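Structural characterization, general
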2 protein chains.
Amino acid sequence: MTDRNLTEKVKVELADRSYDILIGEHVLLGAGKHIKSVLPDAKCAIVTDENVAAIHLEALLENLKAEGIEAAPIILPAGEATKSYAHLQTVIEAIIEMRLERGDAVIAFGGGVIGDLAGFAAASVRRGMNFIQIPTSLLAQVDSSVGGKTGINSPQGKNLVGAFYQPRLVLADTTVLDTLSEREFRAGFAEVIKYGLINDAGFYNWLEQNWDGIKKGGKERIHAVATSCRAKAAIVARDERESGERALLNLGHTFGHALEGITKYQSDVLVHGEGVAIGMVLAHAFSARMNQSSPDDTQRVKTYLEKVGLPTDMSGLRNHVKSANQIMDFIAQDKKVSRGNLNFILTHGIGQAYIAKNVPAAEVHAFLTEALES
Amino acid sequence: MTDRNLTEKVKVELADRSYDILIGEHVLLGAGKHIKSVLPDAKCAIVTDENVAAIHLEALLENLKAEGIEAAPIILPAGEATKSYAHLQTVIEAIIEMRLERGDAVIAFGGGVIGDLAGFAAASVRRGMNFIQIPTSLLAQVDSSVGGKTGINSPQGKNLVGAFYQPRLVLADTTVLDTLSEREFRAGFAEVIKYGLINDAGFYNWLEQNWDGIKKGGKERIHAVATSCRAKAAIVARDERESGERALLNLGHTFGHALEGITKYQSDVLVHGEGVAIGMVLAHAFSARMNQSSPDDTQRVKTYLEKVGLPTDMSGLRNHVKSANQIMDFIAQDKKVSRGNLNFILTHGIGQAYIAKNVPAAEVHAFLTEALES
Ligand SMILES: NC(=O)c1ccc[n+]([C@@H]2O[C@H](COP(=O)([O-])OP(=O)(O)OC[C@H]3O[C@@H](n4cnc5c(N)ncnc54)[C@H](O)[C@@H]3O)[C@@H](O)[C@H]2O)c1
Ligand SMILES: NC(=O)c1ccc[n+]([C@@H]2O[C@H](COP(=O)([O-])OP(=O)(O)OC[C@H]3O[C@@H](n4cnc5c(N)ncnc54)[C@H](O)[C@@H]3O)[C@@H](O)[C@H]2O)c1
Ligand SMILES: [Zn+2]
Ligand SMILES: [Zn+2]
């Protein structure tokens, strides 16, 4: 069933906190073995959500049991609202109740919501237990499970509370993505495209040719996930705590976050990856307007995102997005504008993103006004 | 007023997380200057409790203001119950509300309760802000403010949730201790004595000679606090995350914690340092019973603790402590007994504590039965 030759390994290099990401078909069915090789004696708490539990939990539990690993699940409601103080406390208390120790492990088995929440709980119980990621959404496999950012939302904003806490192992089973909704798959794919756009034009070209294969599964999907993990791992290794280069990962995210804020994080209106897709087009278009890149690149990105089925402009958000000022207000909140200037991820072209400091807020405003008129 | 020559500096060596502890009279009145030299541009949230705020907050606020440091207080109820999820959330939200960034600072201004809570909040807001300790109880100055353990209590036990998070600076003003209750001063002093007992017989001798001077204040008190900080800093530098040697700091704490648990953490019955005092006598007596140390040392410790005014046996707890089994139950819970054996901090004599593995629980039980009968 598993073609072991297809399993790829990406190493995240962080000195004594280094770890492997294994990416392949059915790596879930080797979970027990992989965990044992890293943590021979650990008991496990499996944090998951109702959707993932209904489809995939039994397979994981059976596999761990077969390897003699004691494990029990903590099943939470699905959705962003689960990244709350209340659910954090629920998870922490459940882990303590199981009498797990620092040497035992918390497994995050789900999308980015579960990974962020379970990771923060693992960081906090007894000031730090072992943590393992088994991401089940495309977004989680290529983005949130890599790099150690964990946390919950505050009533005042997303991801404002948390810890930098690295897992000991990440297992990304690409066949598990077959049960993900098409919309969530596409949204996660926006982040895959992002890695090409940041600094890997070759990967971007390959992605343009291989969307159908990636959607179908098999070795193209594995390559897309592994290349994304490798790209993020390299950036994280150089800047674990986001004091510089790691900001590149926010390409498309300043605009994207503003749109998510304006649409009040209602996932029926806009999910994160969709906001990022629109944001990446806007970032290219704004770069072109600032004479940093060619409008042809903007068009190329737009065309590909459309082919994938992602939104590429704000036309679908007319009921929510009313004015440039409204967007600027959210950007100011996100960025804490200093003296009218902003830090922004701009680009010189496909695969040539850069951190621009002191971008005049007035330019952004003028650009958005035009974008909303068109 | 301040005799600057008397200010001592202890460096906690933790690579890129190293920091200074400044100990002396009226260092509080230099707080603004000291903070500026470490964090030139930080705005500050001052977390404190009602008792400390009533007596000392104005002096701190004025001092920061004089240096042009923007600061606002977050005032919490005093007492162990404040180390809760609910107050953690209150503090985190208040910090976010102030729009502080990662480069800004959270100041813990109070005893160990405030230090543990504020430190965990600082670790968690935006995944880690700058943190400064201004400990105001003796226990906080010599113990909890040094070493980076932060956290809150779980309904299931003390300090089960938290982070290892180091401050950028610790300011210990020894004159602030003048307003501490005598009972709290003595309780904190039990931890000072502990450092002598662990590995510094010379310091223990000096303490025996200088209790009156330390109580009074001035240079003896500074020396006692600085030597304690230095002792803890050295151990923490070698074992930040308590994988070995740091356990020595638990001398007297296994018995002490059990007594605190049995008396349900009612501070009118027993405060932490009092439990530690009794625990240290028991640890010496148990070591003597196991032929590891001389009964003369036990007597010497007992005599000194009595002179200081600390409890040295369980006679004051007769209404609560009924049997050896009861104590063993709490020890088992604290330690998670593995196959009938316990890890314990024992001693070969004054200043010669060591980590004993596999101490038979039956021996501890027999010892406690005798101790309760006498
Ligand atoms: N830590 C980081 O670095 C980082 C990076 C990016 C995003 N994030 C966070 O990740 C979260 C978004 O992650 P997400 O998009 O995975 O959301 P999610 O966890 O809510 O998952 C999306 C939906 O897909 C379902 N699902 C997941 N796997 C499935 C599967 N295999 N089959 C069927 N259904 C499945 C989930 O139940 C959920 O309903 C956000 O909270 C975001 O802040 C974190
Ligand atoms: N983090 C660590 O490494 C570590 C180590 C030891 C203890 N602790 C924790 O520390 C806590 C105990 O600390 P504590 O004994 O300082 O308790 P505390 O913070 O409750 O302070 C004791 C009392 O003294 C008052 N007080 C403090 N300073 C004062 C002053 N200058 N003048 C007048 N009143 C003052 C407080 O308001 C409080 O009522 C416990 O929660 C314990 O778990 C942590
Ligand atoms: Zn994203
Ligand atoms: Zn103590």
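Residues numbered from 1 in each chain as written. Chains lettered and ligands numbered in written order. Predicted model: local features only at pLDDT ≥ 70, side-chain atom pairs only at ≥ 80, totals over all residues. Heavy atoms only, no water.

Per an unreviewed UniProt entry, chain A carries the name 3-dehydroquinate synthase and comes from Ahrensia marina. Under the Subcellular location (unreviewed entry) heading, UniProt states for chain A: "Cytoplasm". Recorded under Function (unreviewed entry), the UniProt text for chain A is reproduced unchanged: "Catalyzes the conversion of 3-deoxy-D-arabino-heptulosonate 7-phosphate (DAHP) to dehydroquinate (DHQ)." (UniProt positions renumbered as here; feature names shortened; annotations may be inferred.)

Observations regarding the overall build of chain A
Looking only at helices and strands, one finds 13 helices and 11 strands in chain A. For chain A, the C-alpha radius of gyration of 20 Å lies close to 21 Å, the compact-globule estimate for 374 residues. Seen through its C-alpha atoms, chain A measures out along the principal axes to roughly 60 × 40 × 40 Å. Taking all 374 residues of chain A together, 56% fall into the buried category. Carbon and sulfur atoms make up 48% of the accessible area of chain A, which totals about 14700 Å². Of the charged side chains in chain A, 39 are positive and 45 negative, and the gap between their average positions amounts to 3 Å. (Helix = DSSP H or I, 4+ residues; strand = E, 2+ residues; numbered from the N terminus. Rg over C-alpha atoms; globule rule 2.2 N^0.38 Å. Buried < 20%, exposed > 50% of the residue type's maximum accessible area, 1.4 Å probe, protein only. Areas by Shrake-Rupley, 256 points an atom, 1.4 Å probe, with all protein chains shown as cover. Lys, Arg positive; Asp, Glu negative; His and termini not counted. Charge placed at Lys NZ, Arg CZ, Asp CG, Glu CD.)

As for the coordination of the zinc ion (ligand 3)
Residue and element names in this part refer to chain A. In the first shell of the zinc ion (ligand 3), the protein supplies Glu 191 (OE), His 253 (NE2) and His 272 (NE2), at 2.0 to 2.1 Å from the metal. The sequence pattern describing where the donors of the zinc ion (ligand 3) fall on their chain is E-x61-H-x18-H. One end of the pair, His 253, is in helix H9 (residues 253-262); the other, His 272, is in helix H10 (residues 272-289), with 19 residues separating them in the sequence. (Donors = N, O, S within 2.8 Å, 3.2 Å for Na, K, Ca; no water.)

Points about the nonpolar core
Among the nonpolar cores identified, the biggest contains 56 residues, and Ile 95 of chain A together with Ile 95 of chain B are the most heavily contacted of them. Not counting chain neighbours up to four residues away, the residues in contact with Ile 95 of chain B comprise Ala 45, Ile 74, Leu 100, Val 106, Ala 121, Val 125 and Met 129 of chain B. (Core = buried A, V, L, I, M, F, W, Y, C linked by side-chain atoms within 4.5 Å. Contact = heavy atoms within 4.5 Å.)

Focus: the interface of chain B and chain A
Facing the 30 residues of chain B at the interface are 30 residues of chain A. Between chain B and chain A lies a buried interface of about 2800 Å² when both sides are counted; carbon and sulfur atoms form 46% of it. On inspection of chain B and its partner chain A, the count reaches 0 salt bridges. At the boundary of chain B with chain A, the tally comes to 16 residue pairs in polar contact (both at pLDDT 80 or more). A class-by-class count of the residues in the side of chain B that touches chain A yields 11 nonpolar, 8 polar and 11 charged. (Buried area = accessible area lost by both parts, 1.4 Å probe. Salt bridge = Lys/Arg side-chain N within 4 Å of Asp/Glu carboxyl O. Polar contact = N/O pair within 3.5 Å; in protein donor to acceptor, adjacent residues only side chain to side chain. Nonpolar A, V, L, I, M, F, W, Y, C, P; charged D, E, K, R; others polar.)

Concerning the packing of aromatic side chains
All names here are of chain A. If you walk through the whole model with that rule in mind, you get 18 aromatic pairs over all chains. Between the aromatic rings of Phe 185 and Trp 211, the centroid separation amounts to 6.2 Å while the plane-to-plane angle is 40°, which identifies the pairing as tilted. Taken together, the positions of Phe 185 in helix H6 (residues 182-199) and Trp 211 in helix H7 (residues 201-216) put the pair 26 residues apart, joining distant regions of the chain. Accessibility expressed as a relative area gives 3% for Trp 211, which makes it buried. (Phe/Tyr/Trp six-rings, centres within 6.5 Å; stacked < 30°, edge-to-face > 60°.)

Considerations on the site of ligand 1
Residues and elements named next belong to chain A. In the region of ligand 1, 25 residues are neighbours, and Asp 49, Glu 80, Thr 136, Ser 137 and Thr 179 sit closest. Asp 49 places a side-chain nitrogen or oxygen 2.7 Å from an oxygen atom of ligand 1. Here an oxygen atom of ligand 1 and a side-chain polar atom of Asn 159 are 3.3 Å apart. Across the complex, the protein chains shield 88% of the 860 Å² of accessible surface that ligand 1 would expose by itself. (Near = heavy atom within 4 Å.)

With respect to the coordination of the zinc ion (ligand 4)
Residues and elements named next belong to chain B. Only Glu 191 (OE), His 253 (NE2) and His 272 (NE2) from the protein coordinate the zinc ion (ligand 4), and they sit 2.0 to 2.1 Å from it. Counting residues between consecutive donors of the zinc ion (ligand 4) along the chain gives the motif E-x61-H-x18-H. Of the two residues, Glu 191 is situated in helix H6 (residues 182-199) and His 253 in helix H9 (residues 253-262); the sequence distance between them amounts to 62 residues. Per residue, the accessibility class of Glu 191 equals that of His 253, and both read buried.

Things to note about the environment of Asp 239 of chain A
All names here are of chain A. Note on placement: Asp 239 falls in the loop between helix H8 (219-238) and H9. Counting along the chain gives 92 residues from Asp 239 to Gly 147, while the straight-line C-alpha distance between them is 9.8 Å. Polar side-chain contacts of Asp 239 include one of 3.2 Å to the backbone nitrogen of Glu 242. A distance of 2.7 Å separates a polar atom in the side chain of Asp 239 from the backbone nitrogen of Ser 243.

Regarding the packing of H10 of chain A against helix H13 (residues 361-373) of chain A
Residues and elements named next belong to chain A. For the pair H10 and H13, interaxial distance at closest approach is 11 Å and the crossing angle is 115°. As H10 packs across H13, the resulting crossing turns out to be right-handed. Counting all contacts with H10, which are made through Leu 282, Ala 285, Phe 286 and Arg 289, the residues of H13 involved are Glu 363, Val 364, Ala 366, Phe 367, Glu 370 and Ala 371. When grouped by side-chain class, the residues that make up the contact of H10 with H13 number 7 nonpolar, no polar and 3 charged. (Axes fitted to C-alpha atoms, helices over the stretch in contact; angles between N-to-C directions. Left-handed = near helix turned anticlockwise from the far one by under 90°.)

Observations concerning the sheet that holds strand S1 (residues 8-12) of chain B
All names here are of chain B. As summarised here, the arrangement of the 7 strands in space is S1-S2-S9-S6-S5-S3-S4, forming an open sheet in which the pairing is mixed. Because the sheet does not close on itself, it has two edges, and the strands there are S1 and strand S4 (71-76). If you compare each strand with its neighbour and ignore which way they point, the axes differ by 20° on average. Relative to strand S9 (residues 169-173), strand S2 (residues 19-24) runs parallel, the two sharing 5 bridges. Within the sheet, the bridge partner assigned to Ile 21 lies in S9 and is Val 170. Each of strand S3 (44-49), S4 and strand S5 (105-110) touches helix H3 (residues 85-97); the most contacted strand, S4, lies at about 165° to it. Sheet contacts for helix H8 (residues 219-238): S1 and S2; angle to S1, the most-contacted strand, approximately 10°. (Pairing = 2+ DSSP bridges.)

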